[in-house]
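A look at the structure
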Amino acid sequence: MALLDIIVAPDPRLKRKASTVERVDAATAKLMADMLETMYDAPGVGLAAPQIGVLKRIIVVDPARDDAPPAPMMMANPEIIWSSEETKLHEEGCLSLPDEYEPVTRPDRIKVRYVDEHNEIRTIDADGLLAVIIQHEMDHLDGVLFVDHISGLKRNMILRRLTKQKKMSTSGKRHAVESA
Ligand code: NI
């Protein structure tokens, strides 16, 4: 197991489209486990491979809160095969945009097909926080950040702030309660 470095925005590596995973082999399963460890360490509730500089369609999520037992999920090539017309506004954060939170509107319920860590195809129904996290992480696979869903004015403010922080120091302590 290994902790991986998380790329912080603005960074061109976060804006690229990730490629399909051919097969979840032992190396991919190890990468998934390392991503999960990195996510828990951050701490965060989701992480996508492009955030650690790997341009592959892999995400890991764990919506379990506080004292709840861990509920990790590792997904390759996730696809939303159905989403509800009903939407929900939820405050999102991101490990690549430390300490920034803004409400984002997304479909409330989704059905997702993916390949798990054993190379098995699975389909799940997700709602609530899990649906938010999966959609947020899947965006990363197409080079989309949560700030791309909010007004340009707010987005520019956040990116300017992050650029300034990058210039000043890289040693800031993170307070990401619910970052993905
Ligand atoms: Ni994120």
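Now for a description of the structure that goes with this document.

Conventions and cut-offs
Residues numbered from 1 in each chain as written. Predicted model: local features only at pLDDT ≥ 70, side-chain atom pairs only at ≥ 80, totals over all residues. Heavy atoms only, no water. Helix = DSSP H or I, 4+ residues; strand = E, 2+ residues; numbered from the N terminus. Rg over C-alpha atoms; globule rule 2.2 N^0.38 Å. Buried < 20%, exposed > 50% of the residue type's maximum accessible area, 1.4 Å probe, protein only. Contact = heavy atoms within 4.5 Å. Areas by Shrake-Rupley, 256 points an atom, 1.4 Å probe, with all protein chains shown as cover. Lys, Arg positive; Asp, Glu negative; His and termini not counted. Charge placed at Lys NZ, Arg CZ, Asp CG, Glu CD. Pairing = 2+ DSSP bridges. Salt bridge = Lys/Arg side-chain N within 4 Å of Asp/Glu carboxyl O. Expected span 1.5 Å × (residues − 1).

**Topic: the overall build of the protein**
- Counting its regular elements, the protein contains three helices and seven strands.
- Along the chain direction, N to C, the helices and strands of the protein fall in the order α-β-β-β-β-β-β-β-α-α.
- In terms of overall size, the protein behaves like a compact globule, its C-alpha atoms giving a radius of gyration of 15 Å where 180 residues would be expected to give roughly 16 Å.
- On the principal axes, the C-alpha backbone points of the protein span a range of 45 × 40 × 35 Å.
- Expressed as a percentage of its 180 residues, the buried residues of the protein come to 47%.
- If you take every contact in the protein between residues at least 6 apart in sequence, the share linking residues at least 24 apart comes to 68%.
- As displayed, the protein offers around 9,600 Å² of accessible surface, 52% of which is attributable to carbon and sulfur atoms.
- Taking the average location of the 24 positive side-chain charges in the protein and that of its 29 negative ones, the two points are 7 Å from each other.

**Considering the pairing of strand β2 (residues 58–61)**
- Neither face of β2 is exposed, since Ile58 and Val60 on one face and Ile59 and Val61 on the opposite face are all buried.
- Sheet analysis places β2 next to strand β3 (residues 73–83), joined by four bridges and oriented antiparallel. Looking at the pairing, Val60 lines up with Met74 of β3.

**Topic: the pattern of salt bridges**
- Throughout the structure, instances matching the rule amount to 13 salt bridges.
- Salt-bridge contacts for Arg57 lead to Asp142; the nearest nitrogen and oxygen are separated by 3.2 Å. Pair noted here: Arg57 is in the loop between β1 (46–48) and β2 and Asp142 is in the loop between α2 (128–141) and α3 (152–168), with a separation of 85 residues, a long-range link.
- Several salt bridges converge on common partners, so that one network encompasses Lys17, Arg57 and Asp142.

**Some points on helix α1 (residues 26–41)**
- Between its terminal C-alpha atoms α1 stretches 23 Å, which fits the 22 Å expected from 16 residues at 1.5 Å a residue.
- Where α1 is concerned, the buried positions are Thr28, Leu31, Met32, Asp34, Met35, Leu36, Thr38 and Met39.
- Buried positions along α1 lie against β1, β2, β3 and β6 (109–115).

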